[in-house]
Amino acid sequence: MMDVKEKAEISWMPPLRGGDHGWLIIDKVPWLITSWHHFDDFGQTMETVHAFCAQSGESDEFYSTDDGRTWIEDLA
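The following paragraphs examine the structure supplied in this document. Please read all numbers here as calculations on a predicted model, not as lab measurements. (Residues numbered from 1 in each chain as written. Predicted model: local features only at pLDDT ≥ 70, side-chain atom pairs only at ≥ 80, totals over all residues. Heavy atoms only, no water.)

Thoughts on the environment of V49
We apply this condition: For the purposes of this entry, the term helix denotes a DSSP run of H or I that reaches at least four residues, the term strand denotes a run of E that reaches at least two, and both are numbered from the N terminus. Three labels apply to residues, based on accessible area from a 1.4 Å probe with only protein chains included: buried if under 20% of the type maximum, exposed if over 50%, partly exposed otherwise in between. Between two residues, a contact is recorded if the distance between any of their heavy atoms is within 4.5 Å.
Here V49 shows up in strand 4 (residues 44-52). With relative accessibility at 0%, the residue V49 sits in the buried group. In the structure, V49 is positioned 42 residues away from K7 in sequence and 18 Å away in space, judged by C-alpha atoms. Discounting chain neighbours no more than four positions away, the residues touching V49 are L24, I33, S35, W36, D60, E61, F62 and W71.

Structure follows, in structure tokens:
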């Protein structure tokens, strides 16, 4: 039997102050982006962000392969 995981709804919210990276809103819960890495090689781009959820105390890594328009939790 396969274990199917629901895909989280993730969107980016811009920062309010200069120098910040903004937030990822994951299933209506804000996660503060603590670091953002942009990779660009031969026309392929990838955004990798580390985010922290103050509500649950957990942190995780999220990815975008379309310049931040859509976000995913894993690359598999």
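Side note on the pairing of strand 4
Filter applied, for reference: We call two strands paired when DSSP finds no fewer than two bridges between them.
The pairing of strand 3 (residues 29-41) with strand 4 spans 9 bridges and is antiparallel. In the strand pairing of strand 4, D40 is matched with T45. Here strand 3 hands over to strand 4 after 2 residues, with F42 in that stretch at a positive phi of 55 degrees. Note: strand 4 against strand 5 (residues 59-64), 6 bridges, orientation antiparallel. In the strand pairing of strand 5, V49 is matched with F62. The antiparallel hairpin formed by strand 4 and strand 5 contains 6 residues in its connecting segment, where G57 sits at a positive phi of about 80 degrees.

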